[in-house]
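Structural features, examined
Each chain is listed here by its residues.
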Amino acid sequence: MIPFLLRRLVSGIVVITVVTSIVFFLTYGTSVQIARNILGPSASDEQVAILNEDLGLDRPLVEQYLDWITSAARGDLGASYFTSEPITEALANRLPVTFSMVIVAVLITLIASLALGITAAARGGVVDRVLQSIGTVSYVFPVVIIAIGMVYLFAIVLRWVPAIGFVPITQSPGHWLASIILPSITLAIGGIAGLAAQIRGSLVDELGRDYIRTLRSRGVSERAILCKHALRNAAGPALTVFSLQFIGIFGASLFIERIFALPGYGAYAMNATVQGDFPVLLGVTLVSVVLVVAVNLVVDVAQGWLNPKVRV
Amino acid sequence: MRDSLRYRGIGLAAIAAIATLALSGCSGYASPENENHHVLSLSARQAPASFAIGAYGGGEIMIQTSIFDTVLAFDLDGEIVPNLAREFEYNEDRTILTLAIRDDAEFSSGEVVDAQAVVDNLTATMNAASTAGLVGVETIEATDEYTVVVTLSEPNASLVPSLAGVGGFVAEPSTIGSETEATQPVGSGPYVLNRGETQIGEKYVLDKVEDHWRADDYPFDRIEISVIPDITAAVNGLQAGQLDHATGLSLDQSETLEGQFVTGTDNPTTWGNIWIADREGELVPALADVRVRQAINMALDRTAVERLAPGQRHGVDQLFSADGGAYLPELEGNYPYDVEAARELIAEAGYADGFSVTMPSTIASTEFEPFLTQSLAEIGITVNWETVSLQDIVANLSSKEFAMFFFPSTYSGSDALDVESALGPVFNPFGTSTPEQTELLDAANASGERDAFADLNRYFTEEAWFAPVMASTFLWAHSDSVDYMPPTLWGYSVLPWTVAED
């Protein structure tokens, strides 16, 4: 297991390095006049040159890159060009908002998908068809419409939850849950159908196999067959789908944060992109890539645990 | 049986979650408010880029004017009034401005605001690379503990309005140039930034300074400004009782909210213009001919622009705001929409076969591009749109890359500042000037009268230096817990909001 883990770790570090390098050279290598944009049109060419020097932008691109990557390795991502806010600090403030929403969305996705997938596979017949229909409808229905509908009903009419904003869990767990439940459900809805369909399909396949028939003939209970044997063997493909959906949910949070005015990572990334705040852009890219690599690593480990053949 | 127990467990968990939400929702999500504690909850489209003196880079200025006292101020009617300077007076030739600073103002750090503090701030602003203000200032001196004298190299009417705006912010001098000045402002204004509850770039919480010299004019004990770029989210926040005011509504949104909320229209905030920059014909020779520039003005059916966003735009044909002294009603309709007459002018100028021009396609122009393309095509001008990213706009416009371009500009509240912007490096990249224009500008700067820039306006219009298209305004809605009086200068301060009378 350890060599398997090491291989995954090394490949993860390579992916992180390659992606951040590409983003660095794509941004800093363009003709965008960073210092001029920061200072505005009134600044003289001399003032622009001074700022370029202060920011180290007058150095060769490779030297700038090496400087950035060594600082990043030490946990120093620099400061925003426009607000001077340290990026590590800014990310520390914003990531809890996004993680709160994403983690709750993932939990909802997992619980709902497992419940729907297992029920559909185990019961079959009308229940299966109804659940599949519900899944298809939720899959094709635009989540933005669902979000707006939920805001109208639960935030504006009933006033059970807020329409906008975020409350930290340390301030009030109840209000924290209330502030993220609608965005989390919105994020989860699209993923539930796909994951439930995957779980159902894999389970139906497994339940038709010879070893299941053997287990039944030995008198093993249906619940044990389903949960201990079939589900474990069906989990591999579902895990892969789940890891893709987790990353998809994280990406979709960029837009959902805007709808619910949540001060999260997505809003931060969006502003940096619009402004051309390159250090922030690199910081959020690094976090995104690390997250994707970490999720894939966890899924790989889980796959290895479920199926020892994968470790080879 | 076991299965049913398991499902029951899931059901109980769901009920518990709903109960938690319902219980937490019982207290509501509107801002805490009672008879003695008033909270104003607003939204802002864009966060202030920086609180550093001289580094203002856009965003809601009302956050800064709440934290920093300005040397002078704009009142709700757009007039410039004393503020930190209780009196201000020019000498006869308007090259020396004497400011008498109040002796009862104090920074939130406890330090006294005196003449030297004002000098330190104005000097920092003057020397800053990013602030277009305090143009032509030669010296700034404290002549006694509460008197500041600003000396200009030549009269410049933009000085006084600059001191009422970003050029007049006064921060605690020890913070100027510090590492924290961009994010931790220390001012002497009516509110102080609550650092614990503020999240820079996302939400700004301001607590009232009870012993501020103008505290009686600020009825709210606390102001919360959330940065919400999406207007639909802001409207949701208003409807859910989380915001007191939402601005920038579409006509549909305004009509939907009518009846439930108080709705209305602000004064014009920005104006859109075809900046005919290449008036000497360096890139496009045709633009050097005044008849061509006049023809461009006559090719625009400005009423069509109004139809693009009903209730939020109206056609304009002058550089200056109708609220200012330079605006001349007699110039309205100076260039009526007349394609035939415009074609004749173009032909007279020797361009009967037309010509082409490349204009930047930016986030600010895309909506208007079909209108502009069609309007100009009707008089033989072919527009080629070249996409320019938002990050590159300023650099591209100011580096003579485009002979003309459509771009909005914000009304500054001052004719002098509007002219300074129009003749500055972004909107006048070719640095066009003529002896007559220079003479009129100098006379306006030395005048001191409200209509000082009217003659310059007449010159700009007759020479068709610009092709103004439309002015934009905002539709707003607010809850019945606050009152709002649309100010002449939009978004300048929190003074337009008051606690609603029962």
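In this numbering scheme, every chain counts its residues from 1 along its sequence in written order. The naming scheme follows written order: chains are lettered A onward, ligands numbered 1 onward. It should be noted that, the model being predicted, local features are given only for residues of pLDDT at least 70 and side-chain atom pairs only at 80 or more, the latter also being counted only at that level, while totals for whole chains, interfaces and linings use all residues. Side-chain measures here rest on the full set of heavy atoms in the structure, leaving out hydrogens and waters.

Chain B appears in an unreviewed UniProt entry as Solute-binding protein family 5 domain-containing protein from Streptomyces hainanensis. UniProt positions are given in the numbering used here, feature names are shortened, and annotations may be inferred rather than shown by experiment. In its Sequence similarities (unreviewed entry) section, the UniProt entry covering chain B states "Belongs to the bacterial solute-binding protein 5 family."

If you look chain A up in an unreviewed UniProt entry, it shows as ABC transporter permease from Streptomyces hainanensis. The UniProt entry for chain A carries the following text under Sequence similarities (unreviewed entry): "Belongs to the binding-protein-dependent transport system permease family."

1. Considerations on the interface of chain A and chain B
What makes two residues a contact is simply this: any of their non-hydrogen atoms within 4.5 Å. Taken together, the contact pairs 44 residues of chain A with 42 residues of chain B. What gets called buried area is simply the loss in accessible area from a 1.4 Å probe that two parts show on being joined, summed for both. Interface area, chain A with chain B, both sides summed: about 3800 Å², of which 59% is carbon and sulfur. Salt bridges are identified by distance alone: a Lys or Arg side-chain nitrogen within 4 Å of an Asp or Glu carboxyl oxygen. Linking chain A to chain B there are two salt bridges. We note a salt bridge from E202(B) to R94(A), for which the minimum N-O separation is 3.2 Å. By the criterion applied in these results, polar contacts are pairs of N or O atoms within 3.5 Å in which, for protein atoms, one can donate a hydrogen and the other can accept it, and in which residues neighboring in sequence qualify only through two side-chain atoms. One can count five residue pairs in polar contact (both at pLDDT 80 or more) joining chain A with chain B. Runs of H or I in DSSP of at least four residues are treated as helices and runs of E of at least two as strands, each being numbered from the N terminus. For the side of chain A that touches chain B, the secondary structure elements donating two or more residues are α2 (34-39), α5 (87-123), α7 (143-157), α8 (173-207), α10 (222-259) and α11 (265-275) of chain A. For this classification, the nonpolar set comprises Ala, Val, Leu, Ile, Met, Phe, Trp, Tyr, Cys and Pro, the charged set comprises Asp, Glu, Lys and Arg, and every other residue, Gly included, is treated as polar. A class-by-class count of the residues in the side of chain A that touches chain B yields 23 nonpolar, 14 polar and seven charged.

2. Here we look at the UniProt feature "domain: ABC transmembrane type-1" (unreviewed entry) in chain A
Taking the numbering used here, the UniProt-annotated feature "domain: ABC transmembrane type-1" (unreviewed entry) corresponds to residues 95-299 of chain A. End C-alpha atoms of residues 95-299 of chain A are separated by 22 Å, and the span's content is 85% helix alongside 0% strand.

3. A short note on the sheet that holds strand β5 (residues 85-90) of chain B
Residue and element names in this part refer to chain B. One open sheet holds the four strands; their spatial order is β5-β6-β8-β7, and the pairing between them is antiparallel. The strands lining the two open edges of the sheet, one partner per strand, are β5 and β7 (137-144). When strand polarity is set aside, the average angle formed by the axes of neighbouring strands in this sheet is 20 degrees. Across six bridges, the pairing between β7 and strand β8 (residues 147-152) is antiparallel. Considered in β8, the bridge of T139 is made with T151. Here an angle of 0 to 180 degrees is reported between the N-to-C directions of two axes, which are lines fitted to C-alpha atoms, with helices fitted over the stretch in contact. Against the sheet, helix α3 (residues 115-127) touches β6 (96-101), β7 and β8, its axis set at about 170 degrees to β7. When DSSP locates at least two bridges between a pair of strands, those strands are taken to pair.

4. Brief notes about the UniProt feature "transmembrane region" (unreviewed entry) in chain A
On the UniProt side, "transmembrane region" (unreviewed entry) is annotated at positions that read residues 9-29, 99-122, 134-156, 176-197, 238-260 and 280-299 of chain A here. Taken end to end, residues 238-260 of chain A is 96% helix and 0% strand, and its two terminal C-alpha atoms sit 30 Å from one another.

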